[in-house]
Every structure is written in C-alpha cells, then in structure tokens.
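Listed below, chain by chain, are the residues.
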Amino acid sequence: MVIILAGIAGTFLMTMFVRMFAAATGYQLAVPRVLGTLFTFTTTPSGKVSHQPVALIWGNILHYAIGIFFSLIYALCLTKHWLPAGIGGGIGFGALIGIVAVLCWLLMLKLHPLTPRIRTGIFLSSVYLGHILFGLVLALVYSVYPGYFQLY
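A. Inspection of the overall build of the chain at higher detail. Looking only at helices and strands, one finds five helices and zero strands in the chain. If you list the helices and strands of the chain from N to C, you get α-α-α-α-α. In summary, the chain has a C-alpha radius of gyration of 16 Å against a globular reference of 15 Å for 152 residues, a match within 12%. In terms of overall dimensions, the chain has a C-alpha envelope of 50 × 25 × 25 Å along the principal axes. Across the 152 residues of the chain, 43% fall into the buried class. Taking contacts inside the chain between residues at least 6 apart in sequence as the whole, the part at least 24 apart equals 72%.

B. Structural context of the nonpolar core. Within the largest apolar cluster, 17 residues are counted, with the highest numbers of intra-cluster contacts made by Tyr 74, Phe 93, Leu 138, Val 141 and Tyr 142. Contributing elements (two or more residues each) for this core: helix H1 (2-25), helix H3 (53-79), helix H4 (87-111) and helix H5 (120-143). Among the elements that make up this core, the one with the highest residue count is H5 (six residues). In this view, Tyr 74 contacts Leu 83, Gly 86, Gly 89, Gly 90, Phe 93, Leu 138, Ala 139 and Tyr 142; residues no more than four positions away in its chain are not counted.

C. A look at helix H2 (residues 31-40). Burial within H2 is extensive, with nine of its 10 residues counted as buried. When we look at burial in H2, the residues that qualify are Val 31, Pro 32, Arg 33, Val 34, Leu 35, Gly 36, Thr 37, Leu 38 and Thr 40. After H2 finishes, the residue Phe 41 shows a positive phi value of roughly 55 degrees.

D. Local environment of the packing of H2 against H3. Between H2 and H3, the least distance of the axes is 7 Å, while the angle of their chain directions is 110 degrees. Classified by the interaxial angle, the pair formed by H2 and H3 is roughly perpendicular. Touching Val 31, Pro 32, Arg 33, Leu 35, Gly 36, Thr 37, Phe 39 and Thr 40 of H2 are Val 54, Ala 55, Leu 56, Trp 58, Gly 59, Asn 60, Leu 62 and His 63, all from H3. Here the residues of the contact of H2 with H3 are counted per class, giving nine nonpolar, six polar and one charged.

E. Structural detail: the side chain of Ser 50. Following the sequence through the fold, Ser 50 ends up in the loop between H2 and H3. A polar contact is formed between the side chain of Ser 50 and the backbone nitrogen of Gln 52, at a distance of 3.0 Å. For Ser 50, the contacting residues outside a window of four places in its chain are Arg 33, Thr 37, Thr 42, Thr 44 and Ala 55.

F. Layout of the packing of H4 against H5. Axis separation between H4 and H5 bottoms out at 7 Å; the angle between their running directions is 150 degrees. The interaxial crossing formed by H4 with H5 has right-handed handedness. Split by residue class, the contact of H4 with H5 holds 21 nonpolar, six polar and no charged.

G. Looking closely at the packing of aromatic side chains. The final tally for this structure, using the stated rule, is six aromatic pairs. A ring pair is formed by Trp 105 and Phe 123, whose centres lie 4.9 Å apart and whose planes are at 85 degrees; its orientation type is edge-to-face. A residue pair is termed long-range when its members are at least 10 positions apart, and Trp 105 in helix H4 and Phe 123 in helix H5 qualify at 18 residues. Since its relative accessible area comes to 6%, Trp 105 is described here as buried. Of the aromatic side chains, those joined through ring pairs into one cluster are Tyr 74, Phe 93 and Tyr 142.

Definitions and limits used
- Residues numbered from 1 in each chain as written.
- Predicted model: local features only at pLDDT ≥ 70, side-chain atom pairs only at ≥ 80, totals over all residues.
- Heavy atoms only, no water.
- Helix = DSSP H or I, 4+ residues; strand = E, 2+ residues; numbered from the N terminus.
- Rg over C-alpha atoms; globule rule 2.2 N^0.38 Å.
- Buried < 20%, exposed > 50% of the residue type's maximum accessible area, 1.4 Å probe, protein only.
- Contact = heavy atoms within 4.5 Å.
- Core = buried A, V, L, I, M, F, W, Y, C linked by side-chain atoms within 4.5 Å.
- Axes fitted to C-alpha atoms, helices over the stretch in contact; angles between N-to-C directions.
- Parallel < 35°, antiparallel > 145°, perpendicular 65-115°, else oblique.
- Nonpolar A, V, L, I, M, F, W, Y, C, P; charged D, E, K, R; others polar.
- Polar contact = N/O pair within 3.5 Å; in protein donor to acceptor, adjacent residues only side chain to side chain.
- Left-handed = near helix turned anticlockwise from the far one by under 90°.
- Phe/Tyr/Trp six-rings, centres within 6.5 Å; stacked < 30°, edge-to-face > 60°.

Here you go:
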C-alpha cells in the first residue's frame, strides 16, 4: 500500500511542479495531456495537444501507473540496498529516472506520427526537474515507514 501511496504522492507533486513551470513560462507542458494526446492519437489539426476528455483520462491513468511502477522500483532498490535510504538516495533516484524519462520522451516525440508541437527543450527540462522532486517525495514517504520494505 505504501508503494502505491508514494507513487501517487510523487506523481501528483511532480505534476503540480510541471504545471507551475508551465504557468511561469507560458508554455504547454502538462505531462498527462501530452502523454494522453500521444496515446490516443488526438493531436489537433493545428498541431496542439488534445483537450478531449479521453486524452486527459488516458494520460493521467498512464502517468500515475508509471509513477506507481517507479515507486515499486524504488522500494526494490531500497530492499536490495542498491540505493541509500533518505533524501540523498531519493534525489539520486529521481535524477536517474529523470534521465530515463527524458530519453523515453525524446524517443516518443521523434517516432510518433502525430507529435504535438511543444517547446521540447522546456518540456524536457521540466520533466527532468519534476523527476528529481518525484524521487524526493518517494524518499519522504518511505521514511515514514522504515523497515516496511524487508521483502527478502
């Protein structure tokens, strides 16, 4: 249950961070909306991200499922002692999966036949920084439950 809670909390706060980043820059950076647009192939004829409910629903489902998956990976890394517990380990984990996320986004945006026009550099920067926050949130949530992940 803690894995799910941490994944949801981390994904939520990462998403809010990216929204604040978008508000500060004035660019479309909403990860669930871009992800949903790609998944449902609903890029608008003018090249913008979709505002259809189906795209937003799928984008959120996928985004939170991925967040829970990476929360599980974080828990596994803690139990195997591949990662130090605490804030430093969480930030390091976030930085590592941020690189993975940026590479996946670059691949998706390059290969998808209906890629929406977004400011890729700003989008990927916000995604990377958001993942560092995600890792920090995982570390904070997991610190409330020390010893919970003795899965061996």
